[in-house]
Structure formats: structure tokens, C-alpha cells
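Examining the three-dimensional arrangement
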Amino acid sequence: MIRISILYPNNKGSRFDVSYYVETHMPMSIKLLSAHPGFKGVSVEHGLGGAVPGSEPTYIAMCHFLFSSVEDFLAAFMPNAEVLQGDMPNYTDIEPVIQFNEVLISR
């Protein structure tokens, strides 16, 4: 299984509309990407703080898609890339960090 992590760094002065992301962008993303049979799940997280109590989180938000393979993710994402990426200015001005991960343990 593959996890695609989309991480939004908590850059000082940057804009991230958590409500829009959770209530509009992610439901649209889930609808589009979950239509592919390789889709296995998704989680969305909002950063609350860093390792030191009272410190800022490293990431303001994170999204983790689970797919059977990188090829399945790309087959689901590429036909929808323009729509999904075109919606980004509605919730953020942050350039996300994207990482593909092989899931070794999941319970």
C-alpha cells in the first residue's frame, strides 16, 4: 500500500483556510479520487502544536491518501489535477510538500 502525504508547512504570514479545506476542497477531492478502485482511504489533520508545549506546529495541515499503488494514485489524480490544483488558491497560498510513502505497518 502507498500513502501520498500532502503537507502544508506552517509558514509565518501564509494563508490557510481550514474550514474551506475541510468542508469544500477535501470532499471534492475524496469524491473524485475515491472513484478509482485503487483508493483505500484518506485522513486529514490540522496541526495544533510542535514538540515543545506552546510551540507552533511544523505543518498547518496534512492530508494522507492511501492507494494500492503509485500507479493507481496517478491514474486517479491526473485526470482531476487541473480541477484540484485550480481550487488551491481558494484555501491557501502555501506550496505543499508532497511525499510518496510505502506503508510498512498499518493497524
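Below, the structure is looked at part by part.

Conventions used here
Residues numbered from 1 in each chain as written. Predicted model: local features only at pLDDT ≥ 70, side-chain atom pairs only at ≥ 80, totals over all residues. Heavy atoms only, no water. Phe/Tyr/Trp six-rings, centres within 6.5 Å; stacked < 30°, edge-to-face > 60°. Helix = DSSP H or I, 4+ residues; strand = E, 2+ residues; numbered from the N terminus. Buried < 20%, exposed > 50% of the residue type's maximum accessible area, 1.4 Å probe, protein only. Polar contact = N/O pair within 3.5 Å; in protein donor to acceptor, adjacent residues only side chain to side chain. Contact = heavy atoms within 4.5 Å. Pairing = 2+ DSSP bridges. Axes fitted to C-alpha atoms, helices over the stretch in contact; angles between N-to-C directions. Patch = residues over 30% accessible without salt bridge, like charges linked within 9 Å, V, L, I, M, F, W, Y side chains within 5 Å. Areas by Shrake-Rupley, 256 points an atom, 1.4 Å probe, with all protein chains shown as cover. Salt bridge = Lys/Arg side-chain N within 4 Å of Asp/Glu carboxyl O.

**A few points about the packing of aromatic side chains**
- Within the structure shown, the criterion is met by 13 aromatic pairs.
- With centroids separated by 5.0 Å and ring planes inclined at 55 degrees, the aromatic side chains of Tyr8 and Phe16 adopt a geometry described as tilted.
- Considering the side-chain rings of Tyr8 and Tyr91, the 6.0 Å spacing of their centres and the 75 degrees angle between planes classify their relative orientation as edge-to-face. Taken together, the residues span a long stretch of sequence, with Tyr8 in strand 1 (residues 2–9) and Tyr91 in the loop between helix 3 (81–86) and strand 4 (97–102) at a distance of 83 residues.
- On the basis of relative accessible area, Tyr8 is assigned to the buried category, the value being 3%.
- For Tyr91, a relative accessible area of 0% corresponds to the buried category.

**Comments concerning the side chain of Asn101**
- Looking at where Asn101 falls in the secondary structure, it is placed in strand 4.
- Within the structure, Asn101 has its side chain in polar contact with the side chain of Gln99 (distance 2.6 Å).
- When sequence neighbours within four positions are dropped, the list of residues in contact with Asn101 reads Met1, Ile2, Arg3 and Ser5.

**Regarding the sheet that holds strand 3 (residues 59–67)**
- Strands sit in the order 2-3-1-4 across an open sheet of four strands; the sheet is antiparallel. The open sheet has two free edges, formed respectively by strand 2 (39–46) and strand 4, since each of these has just one partner strand. Strand after strand, the sheet turns through a mean of 15 degrees between neighbouring axes, direction not considered.
- Relative to strand 3, strand 1 runs antiparallel, the two sharing eight bridges.

**Observations regarding a nonpolar patch on the surface**
- Together, Leu74, Met78, Ile98 and Phe100 make up a nonpolar patch on the protein surface, roughly 390 Å² of accessible area in all.
- Following the sequence through the fold, Met78 ends up in the loop between helix 2 (70–77) and helix 3.

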